[in-house]
Amino acid sequence: MSAQTTLLTRTELQRRPLTHDEAAIVVAEIRRSPKITGYSAAEWTGRRDTFALVDRASGELLGALLVHHLLGNWSEVAVVFIPEAHRGQGYGRQLLGGALRTLAPSGKRLLLFFSEPGPMEGLVREAGFDVFADEQDFAAGRPGRRLYLSVVYPVQWLWSFYRIRELRRKKRELDCSFSFKIALLETKRHGES
C-alpha cells in the first residue's frame, strides 16, 4: 500500500463547521502566524463554509480549510491550515484537493491569497491555480478584476471587526506586511466545456 493510499484510508474530509475546541486550537495557532490574517472562532464554527480533515481512528483534527463565498461568481479559499504538529505529511495537499473537488460543481472562480516564502505556492500550482505576483499582475488588462479587487472584495472581506483588529495587531506585534501573491482557479459547471 502506497503512502498516499495509507493517508487517504487514515483520514476523512468532512464539510462541517469546526467544533469550539477545534476552532480554539486553529485560532490560537493562526494568531501567532505572520502569514495568515485570521478568521474568528465564530467564522470557523458556522458562519463560513468549512472543511475539516480528521484522523478516522482518533477524530483528531489534522487540518481545516475555510471558504468565504463572495458576491458574483467568486469564492475565496481563505485559509488552508494544518496544525504545526501535523505539517509536512501531505495533509495540506489532501485537504485542498478534497475541498476543490467538492467546490468544483459551483462553477465559481476561486481566489486564494498567500504570503511567501512558504510551501503554499507549490501546493496551489499543483492544484491547478494560476499564480500572480500581486494585485497589479492579477488585474493587468482586466478592468473587471481591478474593480473587484479594489472595491467589491475589500468591502466583503473587511466586514469583520475581528479581522480588522487582527490586521492591526499583527502589523504592530509581528511586523507583518501582508504582501500577498494571488492564485486563481477558474472552475466550470458540470456540462460546460
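Residues numbered from 1 in each chain as written. Predicted model: local features only at pLDDT ≥ 70, side-chain atom pairs only at ≥ 80, totals over all residues. Heavy atoms only, no water.

Caption draft 1: Spotlight on the overall build of the chain. A count of helices and strands for the chain gives eight helices and seven strands. Its C-alpha atoms give the chain a radius of gyration of 17 Å, within 12% of the compact-globule value 16 Å for 193 residues. When the backbone C-alpha atoms are referred to their principal axes, the chain occupies close to 50 × 45 × 30 Å. For the chain, with 193 residues in total, the buried portion stands at 48%. For the chain, restricting intrachain contacts to residue pairs at least 6 apart in sequence, the fraction spanning at least 24 positions comes to 68%. Surface exposure of the chain reaches about 10200 Å², of which carbon and sulfur atoms provide 54%. (Helix = DSSP H or I, 4+ residues; strand = E, 2+ residues; numbered from the N terminus. Rg over C-alpha atoms; globule rule 2.2 N^0.38 Å. Buried < 20%, exposed > 50% of the residue type's maximum accessible area, 1.4 Å probe, protein only. Contact = heavy atoms within 4.5 Å. Areas by Shrake-Rupley, 256 points an atom, 1.4 Å probe, with all protein chains shown as cover.)

Caption draft 2: Region of the structure containing the packing of helix H2 (residues 20–31) against helix H8 (residues 161–173). As a packed pair, H2 and H8 sit with axes 12 Å apart at the nearest point and diverge in direction by 35 degrees. Touching Val 27, Ile 30 and Arg 31 of H2 are Tyr 162, Glu 166, Arg 169 and Lys 170, all from H8. In terms of residue class, the contact of H2 with H8 is built from three nonpolar, no polar and four charged. (Axes fitted to C-alpha atoms, helices over the stretch in contact; angles between N-to-C directions. Nonpolar A, V, L, I, M, F, W, Y, C, P; charged D, E, K, R; others polar.)

Caption draft 3: The sheet that holds strand E5 (residues 109–115), seen in detail. Pairing is mixed across the open sheet formed by seven strands, whose spatial order is E1-E2-E3-E4-E5-E7-E6. Taken across any chain shown, the strands that pair with only one partner, and hence form the sheet edges, are strand E1 (11–15) and strand E6 (130–132). If you compare each strand with its neighbour and ignore which way they point, the axes differ by 25 degrees on average. Judged from the seven bridges that link them, E5 and strand E7 (residues 180–186) form a sheet pairing that is antiparallel. (Pairing = 2+ DSSP bridges.)

Caption draft 4: The arrangement of the pairing of strand E3 (residues 61–69) in detail. Counting buried positions along E3 yields eight of nine residues, so the element is predominantly enclosed. With six bridges connecting them, strand E2 (residues 49–55) and E3 associate as antiparallel partners. Across the sheet, the residue bridging to Val 54 is Leu 61, located in E3. The turn linking E2 back onto E3 is made up of five residues, and Gly 59 within it adopts a positive phi angle of 80 degrees. The pairing of E3 with strand E4 (residues 74–81) spans six bridges and is classified as antiparallel.

Caption draft 5: Molecular detail of unusual backbone geometry. A positive phi angle, near 55 degrees, is found at Asp 175, a position not held by glycine. Mapped onto the fold, Asp 175 is located in the loop between H8 and E7. The exposed category is assigned to Asp 175, whose relative accessible area is 68%.

Caption draft 6: Structural context of H8. Compared with an ideal rise of 1.5 Å per residue, which puts 13 residues at 18 Å, H8 spans 18 Å between its outermost C-alpha atoms and is within 8% of the ideal. Within the sequence span of H8, burial applies to Tyr 162, Arg 163, Glu 166, Leu 167, Arg 169 and Lys 170. In this fold, the buried residues of H8 make contact with H2, helix H3 (41–47) and helix H7 (143–157). Phi turns positive one or two residues past the end of H8, at Asp 175, with a value near 55 degrees. (Expected span 1.5 Å × (residues − 1).)

Caption draft 7: View of the layout of surface pockets. There is about 1200 Å³ of room inside the largest pocket. Forming the boundary of the largest pocket are 42 residues, of which Lys 35, Ile 36, Phe 113, Phe 114 and Ser 115 lie nearest the centre. Among the secondary structure elements, those contributing two or more residues to the lining of the largest pocket are E4, helix H4 (91–103), E5, helix H5 (120–126), H7 and H8. In terms of residue count, the dominant contributor to the lining of the largest pocket is E4 (six residues). (1 Å grid on protein atoms, 1.4 Å probe; cavity = no way out; pocket = protein on both sides within 12 Å on 5 of 7 lines; lining within 4 Å. Points joined across faces, edges and corners; volume = space filled by probe spheres on them.)

Caption draft 8: Quick peek at the nonpolar core. Among the nonpolar cores identified, the biggest contains 32 residues, and Leu 18, Val 26, Trp 44, Val 79, Leu 111 and Phe 138 are the most heavily contacted of them. Those elements giving two or more residues to this core turn out to be H2, E2, E3, E4, E5, H7, H8 and E7. Excluding its chain neighbours within four sequence positions, the residues that come into contact with Trp 44 are Pro 17, Leu 18, Ala 23, Val 26, Val 27, Ile 30, Tyr 39, Thr 50, Ala 64, Leu 65, Leu 66 and Val 79. (Core = buried A, V, L, I, M, F, W, Y, C linked by side-chain atoms within 4.5 Å.)

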